[in-house]
Amino acid sequence: MREVSQADERRKKIVGKIWHMLFCGTFVAYMYTLIMIVYYSREPGSRTGVADMVLWSTWGMTLQMHAYFIENIVLFIPFGLLFPLVFKNWMKWFTIPVGALISAAIEYTQLITGRGYCQLDDFVTNTAGAAIGFFIYLILYAGWLIWKKIR
């Protein structure tokens, strides 16, 4: 009976490592896509020296401006979901601050390179997206723990 238990433990560890590798690969693909969207979808120098530090200025009056605003939130939801899956244990609690730091780095780089507008709204909405993704992760994780317990 003990051999079966050890075999089950080994199998669980292997399956856990496979899942972790899948999450890592997905996170790398997401970060690559994020970089391509925020930097390389724009001409270099096309928006030189543009910085908008007025909060909620990008919400605008048109549906297209609303869509850009919401797009910035949606863009970081995968970060909030994937970061705690890749960086387990205590690091997962840094998901929102790291999301904010990455968003600040993106905005600063856009300001310096002119590849995109440096906007306070983008920073706030990206960070909100990371927070929403993290809270979705917490809900799913709690559900998984409950399912695992009753199984």
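Quick note: structure is the one above.
Here goes a summary of the coordinates provided. Here the residue numbers are simple positions, counted from 1 along each chain's written sequence. Thresholds applied to this predicted model are a pLDDT of at least 70 for local features of residues and 80 or more for the giving and counting of side-chain atom pairs; totals over whole chains, interfaces and linings are not thresholded and use all residues. Just so you know, side-chain values use all the structure's heavy atoms and leave hydrogens and water out.

## Considerations on the side chain of Asn126
Consideration 1: Its place among the elements puts Asn126 in helix α4 (residues 120-150).
Consideration 2: Among the polar contacts made by the side chain of Asn126, one reaches the main-chain carbonyl oxygen of Asn72 at a distance of 2.9 Å. Put simply, DSSP marks the helices as runs of H or I at least four residues long and the strands as runs of E at least two long, and each gets a number from the N terminus on. We call two N or O atoms a polar contact when they sit within 3.5 Å, provided that within protein one can donate a hydrogen and the other can accept it, with sequence-adjacent residues counted only if both atoms are side-chain atoms.

## Quick word on the nonpolar core
Note on soluble globular proteins: their nonpolar side chains tend to be buried together.
Consideration 1: Nonpolar cores were defined as sets of buried Ala, Val, Leu, Ile, Met, Phe, Trp, Tyr and Cys residues, with membership established by side-chain atoms within 4.5 Å. Buried, partly exposed and exposed residues are distinguished by accessible area as a fraction of the type maximum, computed with a 1.4 Å probe on protein chains only: under 20%, between the cut-offs, and over 50%, respectively. In terms of nonpolar packing, the biggest core is built from 14 residues, with Phe27, Tyr30, Leu34, Phe76 and Phe79 touching the most fellow members.
Consideration 2: Breaking this core down by element, the ones donating at least two residues are α1 (2-38) and α2 (63-86).
Consideration 3: Per-element accounting of this core gives the leading share, six residues, to α2.
Consideration 4: Excluding anything up to four places from it in sequence, Phe27 contacts Phe79, Leu82, Phe83, Val86 and Phe87. Any two residues whose heavy atoms approach within 4.5 Å are treated as being in contact.

## With respect to the packing of helix α3 (residues 95-113) against α4
Consideration 1: All axes are obtained by fitting lines to C-alpha atoms, using only the stretch in contact for helices, and the reported angles, taken between N-to-C directions, cover 0 to 180 degrees. Here α3 crosses α4 at 150 degrees, and the two axes come no closer than 9 Å. The pairing of α3 with α4 is recorded here as roughly antiparallel in orientation. For the crossing formed where α3 meets α4, the hand is right-handed. Residues Thr95, Ile96, Gly99, Ala100, Ser103, Ala104 and Glu107 of α3 form the contact with α4, whose own contacting residues are Asp122, Phe123, Asn126, Thr127, Ala130, Ala131, Phe134 and Phe135.
Consideration 2: Side-chain classes are defined by residue name, with Ala, Val, Leu, Ile, Met, Phe, Trp, Tyr, Cys and Pro counting as nonpolar, Asp, Glu, Lys and Arg as charged, and the others, Gly among them, as polar. Of the residues that constitute the contact of α3 with α4, the class distribution is eight nonpolar, five polar and two charged. Note on angle classes: values under 35 degrees are labelled roughly parallel, values over 145 roughly antiparallel, values of 65 to 115 roughly perpendicular, and the remainder oblique. Two helices crossing with the near one rotated counterclockwise from the far one by less than a right angle form a left-handed crossing, whereas a clockwise rotation gives a right-handed crossing.

These values are about where atoms sit, not about what they do.
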